[in-house]
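Examining the three-dimensional arrangement
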Amino acid sequence: MEQFVSYLTIFLIAVFVGIEVINRIPPLLHTPLMSGSNAISGITIIGAILTLHASHSWIIQVLGFIAIVGATINVIGGFVVTHRMLGMFKKKD
Amino acid sequence: MEKAYINLLYLVSSILFIIGLKLLSHPKTAVRGNFTGAFGMFLAVVGVFLEYGTIERSDIILIGSAILVGTAIGAYIALKVEMTGMPQLVALLNGLGGLASFLVGGNSLMEILETGKNTELLNNLQFTISTAATGIIGAVTLTGSLIAFGKLQGLVSEKAVRYFGDQIVKVLFLIGAIYLGYLNVTQPTKIEWYWYVVLVSSILGVLLVMPIGGADMPVVIALLNSYSGLAASATGFVLGNNVLIISGSLVGASGILLTQIMCKAMNRSLPNVLFGGWGAAASSAPSGDIYAGKTKATSAEEVAMLLDMAQRVVIVPGYGMAVAQAQHAVRELYNQLTDKNIEVEFAIHPVAGRMPGHMNVLLAEADIPYDKMKEMDEINPTFNTVDVVIINGANDVVNPLAKTDPGSPIAGMPILDVDKAKTIIVIKRSLSPGFAGVPNPLFIQDNCLMYFQDGKKATQEIVTALKET
């Protein structure tokens, strides 16, 4: 329970930090914000890698493999496409 | 390595995520912001390998090849996607994040059952409840996003798919998912319950997004973005990992905030988007009659003449422009007009397009300077000084009914005040109503001319006509 409350604290503080930071982003950049934050949600890759730890059950390995592939597509796809989009927002003369 | 150091590394990557998002607030620093976030992700992955300690070779091969496959697919689709296909891609990526999350939840549970290690977790409510939550949120995110993808790609009907009693069915599935989650919490040794949670939640995701029509897609995409973050955060609670909790909640917050902005831009509440509204109205609303013989059609030559005399021109892009892939033609028009010393600006409604900021990306792709893209609040007070406003494939966002008819489905929605401009040109293929399903009295206004043509073709014809004047 104690542990849970401290995780919950971290969660809620991060939510407030997130709102504060993102509130300042102009509508112009909302799509890059979405794809960029979307890439960050691929952080599940950490969890996916961890659950493969010392497991020899084939089903866990298969599901873990799929989870890592999915999360990696999320991460790489998200960051790369954000980069592509931002390249278009360069100041034109 | 000692756990404290690894946690410190995770803390650094969490901070990099926050700084990265902060830098995204200006086009000048945004590229750096994106790199900062990516570097944070890299550090987190380094951290997880350190946490692993000694890894067996077979595991390295398995993990390494999964990362390689994911990287190849991710990079390929991100580099190949057309800018007009951006909403689909974001929907798809959201869904994959959700998929990964519920698989992690299931794996964590199965691992305990299989190895017999850490069995005390099964009596830990934090672990079991957050596992069930991962299953529900992750699965809803996956299938909801796939349906959103299908709708945007035209594979699934873009219309609001409704049937008798659909609200009740949704609620029943939600209750079912929660009840199965409860069984998963009380009998964690029965892994079946977890997969039933995932199955029922998957159906729930489909049921939730199917009834939502195309006009509401910006809200849905933003909401699913939020869900994918919450799913990641829930896996953080399962694994007791701070970096997952923090980054997941950042994404969750960002998605919710965008959802709220989109709802406000349409003057609707979130429950209204999720449980009814425009979609239902679209099928029954009468349209057409109000136009009878009162609209004036125009031609490229006439538009060119009007533009030639104008000093200030505003272009309003809409989804029709995106569908017609007209952004490059619009850029040509922009070039020509600015060459003639005519001031050209773009008025962008927050919900124009299929995701928040969709129009900005398309115009940026066509090299329109971003300081020419004006937000609704900024440009609205200036419309009375506009000589010609060109509405390219937009409809509902310029419909004055939003202000005048309290009974209309779009009542109260803030709109672009184009009716104040001297001359209004509407490029539209027909008089068919927009997604809100209501006719637009703007079209019969005295100073409004209709140019019935595809958004791209019309713009090209105007460009040609301008060259000849």
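The shown structure was predicted, so the numbers you read here are calculated from the model rather than taken from an experiment. All chains use their own residue numbering, which begins from 1 and follows the written sequence. Numbering of ligands from 1 and lettering of chains from A proceed in the order in which they are written. Totals for whole chains, interfaces and linings use all residues, but because this is a predicted model, local features are given only for residues with pLDDT of at least 70 and pairs of side-chain atoms are given and counted only at 80 or more. Each side-chain value is derived from all of the structure's non-hydrogen atoms; neither hydrogens nor water enter the calculation.

1. Focus on the domain arrangement of chain B
Interface extent is often summarised as the accessible area lost during association of the parts. Here the domain parsing of chain B yields domain 1 (1-80), domain 2 (84-275) and domain 3 (300-468). Start and end positions for the domains come from either an automated domain assignment or a database one. Here the C-alpha centre of domain 3 of chain B lies 42 Å away from the C-alpha centre of domain 1 of chain B.

2. A closer look at the packing of aromatic side chains
Each pair of aromatic rings taken from Phe, Tyr and Trp, with Trp reduced to its six-membered ring, is defined by centres within 6.5 Å and is described as stacked if the planes are under 30 degrees apart, edge-to-face if over 60, and tilted in the remaining cases. In this structure the tally under the stated criterion is 8 aromatic pairs over all chains. Geometrically, the ring pair formed by Tyr194(B) and Trp195(B) is edge-to-face, given 5.1 Å between the ring centres and 80 degrees between the ring planes. Considering the side-chain rings of Tyr334(B) and Phe346(B), the 6.0 Å spacing of their centres and the 40 degrees angle between planes classify their relative orientation as tilted. Placement of the pair is Tyr334(B) in helix α14 (residues 327-339) and Phe346(B) in strand β2 (residues 343-348), with a sequence separation of 12 residues. Here's how the labels work: a residue is buried when its accessible area is under 20% of the maximum for its type, exposed when over 50%, partly exposed in between, all with a 1.4 Å probe on protein chains only. Taking the relative accessible area as the measure of exposure, Tyr334(B) reaches 7% and is therefore buried. Residue class for Phe346(B) comes out buried when judged on its relative accessible area of 0%. Grouped by ring-pair contacts, the aromatic residues Phe4(A), Tyr7(A), Phe11(A) and Phe237(B) constitute a single cluster. Over the ring of Tyr319(B) we find Arg354(B); its NZ or CZ atom is 3.6 Å from the centre of that ring. Helix and strand assignments follow DSSP, with helices taken as H or I runs no shorter than four residues and strands as E runs no shorter than two, numbered in order from the N terminus. Consider the ring centre and the ring normal. A charge sits over the ring if Lys NZ or Arg CZ is within 6 Å of that centre and within 35 degrees of that normal.

3. Some thoughts on the interface of chain A and chain B
For this analysis, residues touch if any pair of their heavy atoms sits within 4.5 Å. Contacts between the two partners involve 79 residues from chain A, matched on the other side by 102 residues from chain B. Considering only the side of chain A, the residues that lose the most area to chain B are Tyr7(A), Met34(A) and Ile43(A), jointly responsible for 8% of the buried surface there. Here, a salt bridge means any Lys or Arg side-chain nitrogen found within 4 Å of an Asp or Glu carboxyl oxygen. Where chain A meets chain B, there are 0 salt bridges. Under this definition, polar contacts are N or O atom pairs within 3.5 Å; protein pairs additionally need one hydrogen-donor-capable and one acceptor-capable atom, and for neighbouring residues in sequence, both atoms have to be side-chain atoms. Taken together, chain A and chain B are joined by 17 residue pairs in polar contact (both at pLDDT 80 or more). Mapped onto the side of chain A that touches chain B, the elements with two or more residues apiece are α1 (2-23), α2 (30-41), α3 (44-51) and α4 (58-88) of chain A. By definition, the buried area sums, over both parts, the 1.4 Å-probe accessible area that each loses when the two are put together.

4. As for helix α4 (residues 86-115) of chain B
All names here are of chain B. For α4, with 30 residues, the first-to-last C-alpha span of 43 Å sits near the 44 Å given by 1.5 Å per residue. Within α4, 26 of the 30 residues are buried, which leaves the element mostly enclosed by the surrounding structure. Immediately beyond the C-terminal end of α4, within one or two residues, lies Gly116, with a positive phi of roughly 75 degrees. Take the number of residues in a helix, subtract one, and multiply by 1.5 Å to get its expected span.

5. Re the UniProt feature "transmembrane region" (unreviewed entry) in chain A
Residue and element names in this part refer to chain A. UniProt annotation of "transmembrane region" (unreviewed entry) refers to residues 6-23, 35-52 and 58-82 when read in the numbering used here. Within residues 35-52, the helical portion is 83% and the strand portion 0%, while the C-alpha atoms at the span's ends are 27 Å from each other. The span residues 58-82 is 100% helix and 0% strand, and its two end C-alpha atoms sit 36 Å from each other. UniProt positions are given in the numbering used here, feature names are shortened, and annotations may be inferred rather than shown by experiment.

6. Concerning a nonpolar patch on the surface
Patch members must show over 30% relative accessible area and no salt bridge, and they are joined within 9 Å when carrying like charges or within 5 Å when they are nonpolar side chains of Val, Leu, Ile, Met, Phe, Trp or Tyr. Accessible surface area values rest on a Shrake-Rupley calculation with a 1.4 Å probe, where residue burial reflects the displayed protein chains alone. Taken together, the side chains of Tyr5(B), Leu8(B), Leu11(B), Ile15(B) and Ile19(B) make up a nonpolar region of the molecular surface, amounting to roughly 470 Å² of accessible area. Following the sequence through the fold, Leu8(B) ends up in helix α1 (residues 3-23).

7. Section: the pattern of salt bridges
Residues and elements named next belong to chain B. Here the structure, examined in full by the defined rule, presents 10 salt bridges over all chains. Here Lys3 ties to Glu51 by a salt bridge, and the two come within 3.3 Å at their closest N and O atoms. On the criterion of sequence distance, the pair formed by Lys3 in helix α1 and Glu51 in helix α2 (residues 27-52) is long-range, its members being 48 residues apart. Exposure remark for Lys3: the relative accessible area of 41% places this residue in the partly exposed category. Between Glu345 and Arg312 there is a salt bridge, with the nearest N and O atoms lying 2.7 Å from each other. Note that Glu345 is positioned in strand β2 and Arg312 in strand β1 (residues 312-317), a separation of 33 residues in sequence. Neither Glu345 nor Arg312 differs from the other in exposure class; each is buried. Residues joined in a network through salt bridges with shared partners are Arg312, Glu343 and Glu345.

8. Observations concerning the pairing of β2(B)
In regular strands, side chains alternate between the two faces of the sheet. Residues and elements named next belong to chain B. Extensive coverage of β2 is indicated by the burial of 5 of its 6 residues. With 4 bridges joining them, β1 and β2 adopt parallel strand pairing. Bridging across to β2, Val313 finds its partner in Val344. A pair of strands counts as paired when DSSP detects no fewer than two bridges linking them. Alignment of β2 against strand β3 (residues 373-375), held across 3 bridges, turns out to be parallel. Bridge pairing links Ile348 to Glu375 in β3. Orienting the strands away from the viewer, one traces the path from the first strand over the helix to the second; a clockwise path indicates a right-handed crossover. The β-α-β motif built from β2, the intervening helix α15 (residues 358-365) and the parallel element β3 has right-handed crossover chirality.

9. Topic: the environment of Glu461(B)
Residues and elements named next belong to chain B. Within the secondary structure, Glu461 is located in helix α18 (residues 455-468). Glu461 gets classed as partly exposed once you look at its relative accessible area, which sits at 30%. Each C-alpha atom, one on Glu461 and one on Glu301, is 8.3 Å from the other, the two residues being 160 residues apart in sequence. Contacts of Glu461, omitting those with residues within four sequence positions, involve Ala300, Tyr451 and Gln453.

10. Here's the deal with the UniProt feature "transmembrane region" (unreviewed entry) in chain B
Residues and elements named next belong to chain B. The positions UniProt marks with the feature "transmembrane region" (unreviewed entry) are residues 6-24, 36-54, 60-79, 91-109, 129-149, 161-181, 193-212 and 244-263. When the span residues 60-79 is considered, its composition is 100% helix and 0% strand, and the gap between its end C-alpha atoms is 28 Å. The span residues 91-109 is 100% helix and 0% strand, and its two end C-alpha atoms sit 28 Å from each other.

11. So, the sheet that holds strand β4 (residues 388-392) of chain B
All names here are of chain B. Taken in spatial order, the 6 strands make up an open sheet running β3-β2-β1-β4-β5-β6, and their pairing is parallel. Looking at strand neighbours, the two that pair on one side only are β3 and β6 (448-452), the edges of this open sheet. Taken pair by pair, the neighbouring strands of this sheet meet at an average axis angle of 25 degrees, ignoring direction. Of the pairings in the sheet, the one linking strand β5 (residues 423-428) to β6 comprises 5 bridges and is parallel in character. Its bridge partner being in β6, Ile424 is matched across the sheet by Cys448. Against the sheet, helix α12 (residues 300-309) contacts β1, β4, β5 and β6, and its axis sits at roughly 135 degrees relative to β6. Sitting on the sheet, α14 touches β1, β2 and β4, and the angle it makes with β2 is about 145 degrees. Think of each axis as a best-fit line through the C-alpha atoms, taken over the contacting stretch in the case of a helix, with angles from 0 to 180 degrees between the N-to-C directions.

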